[in-house]
Every structure is written in structure tokens, then in C-alpha cells.
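Spelled out, the chains give:
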Amino acid sequence: MEKYLVASSGDTLDSKVSGRFGHAVYFLIIDPFTMEFKVFPGVSKDEVQNIGKFITPDVKKVITGNIGPSSYNEILSYGCKVYLCRNMSVNEAVRKVKNDEVPILKEPTLKNSIHSARKADDGDDGHGKSTGK
């Protein structure tokens, strides 16, 4: 059964879709047919998200309000599709994606990762690895 991973600002279906994927307060894995879901805490603004821990074999679609190139490419590497759902509740976004009312996102919505400025400043690649600077 196909499931969706939703970046969320809260821990319910009435919560808003998060404006930034990598720094969502919560992640919900939702069955779009039964609307049953599991909630996982997101990360603080200073942490880097490990997307792989949320991508299980049944997660096929990812819903967010914005996404940078690093997260976008990582999600694609797992064979998932990304959908942009701004200013909607999680419930509304899941329904719209399920009913094919939202196109698949063809590229990241942000040109740089949120960590780009930090990378340039400290030689960190944004994922805890040194770039040798």
C-alpha cells in the first residue's frame, strides 16, 4: 500500500504543510486511503535532517511547502515523487495529491540548501562532513 511522507508544522491532519522540508517540525507518514498516520518529530533549525529514516519501501510520495536541492535529490534517489502544497492543511494536501490535482515537482523550489551559507563559512558541506576548507 502506497503511503505519503508529509513535512508538517504540527502533529495532526489539520496542521499546515511545512514551509521548509528539511526543517519541518513534524513528519507524518500517511495512508492516503484510510488517512491513518504516524507522527515523527522533525529537527531543530540547527540540525540536518536524515531523510532516509522516513523513506520506507511503501512511501512513494513526499509533500512539502518548499524544498532545496539536497533534500529534493535525496528524495528522488529513493524513487519517490515530490509534490508542492503551499498554504494547505496536511489533510487537504494529501487529498489533492491522491486525486492528481497537484503536479509532480520537476525541480527544487529553492536554489540552495538552507545550509549553503554555513558551508561557505565553515567548510562544512551541510551534512556534517568537512569540505577541507
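So, how was this worked out
Residues numbered from 1 in each chain as written. Predicted model: local features only at pLDDT ≥ 70, side-chain atom pairs only at ≥ 80, totals over all residues. Heavy atoms only, no water. Buried < 20%, exposed > 50% of the residue type's maximum accessible area, 1.4 Å probe, protein only. Helix = DSSP H or I, 4+ residues; strand = E, 2+ residues; numbered from the N terminus. Pairing = 2+ DSSP bridges. Contact = heavy atoms within 4.5 Å. Phe/Tyr/Trp six-rings, centres within 6.5 Å; stacked < 30°, edge-to-face > 60°. Arc of directions from axis to C-beta.

Trainee: Any chance you could explain the pairing of strand β1 (residues 3-8) here in plain terms?
Mentor: Look at any regular strand and the pattern is simple: side chains alternate between the two faces of the sheet. Burial of β1 is extensive: five of the six residues sit out of reach of the surface. Here β1 runs beside strand β4 (residues 59-64); their pairing, made up of four bridges, is parallel. Looking at β4, one finds that Y4 is bridged to K61. Judged from the five bridges that link them, β1 and strand β2 (residues 26-30) form a sheet pairing that is antiparallel.

Trainee: So what exactly am I meant to see when it comes to the environment of F37 here?
Mentor: Turning to its location among the elements, F37 is positioned in strand β3 (residues 37-41). Taking the C-alpha atoms as reference points, F37 and D11, separated by 26 residues in sequence, lie 9.8 Å from one another. Setting aside residues up to four positions removed in sequence, F37 forms contacts with D11, T12, L13, L28, I29 and I30.

Trainee: What is the right way to look at unusual backbone geometry in this model?
Mentor: Only a minority of non-glycine residues have a phi that is not negative, and only a minority of peptide bonds are not trans. If you check the backbone angles, N87 has positive phi at about 55 degrees while not being a glycine. The residue N87 is located in the loop between β5 (81-84) and α2 (90-98) in this model. On the basis of relative accessibility, which here comes to 71%, the residue N87 falls in the exposed class. Positive phi, close to 55 degrees, is recorded for D100, a residue that is not glycine. Looking at the element boundaries, D100 is found in the loop between α2 and α3 (116-122). Judged by its relative accessible area of 65%, D100 is exposed.

Trainee: Help me understand the environment of N91, please; the structure alone is not making it clear to me.
Mentor: Within the secondary structure, N91 is located in helix α2. Overall, the relative accessible area of 35% leaves N91 in the partly exposed class. Once the C-alpha coordinates of N91 and T12 are considered, the two residues, 79 residues apart in sequence, prove to be 8.7 Å apart. Excluding its chain neighbours within four sequence positions, the residues that come into contact with N91 are L13 and M35.

Trainee: What exactly am I supposed to notice about the packing of aromatic side chains here?
Mentor: Tallied over the full model, the rule gives three aromatic pairs. Each residue in the set F21, F27, F40 and F54 is aromatic and connected to the rest through ring pairs, giving one cluster.

Trainee: Could you clarify how one ought to interpret α2 in this entry?
Mentor: For α2, the full list of buried residues reads V90, A93, V94 and V97. With its buried residues spanning 100 degrees around the axis, α2 presents them on a single face. Along its buried surface, α2 packs onto β1, β2, β4 and β5. Phi turns positive one or two residues past the end of α2, at D100, with a value near 55 degrees.

Note that every value here comes from positions in space, so none of it alone points to a role or purpose.
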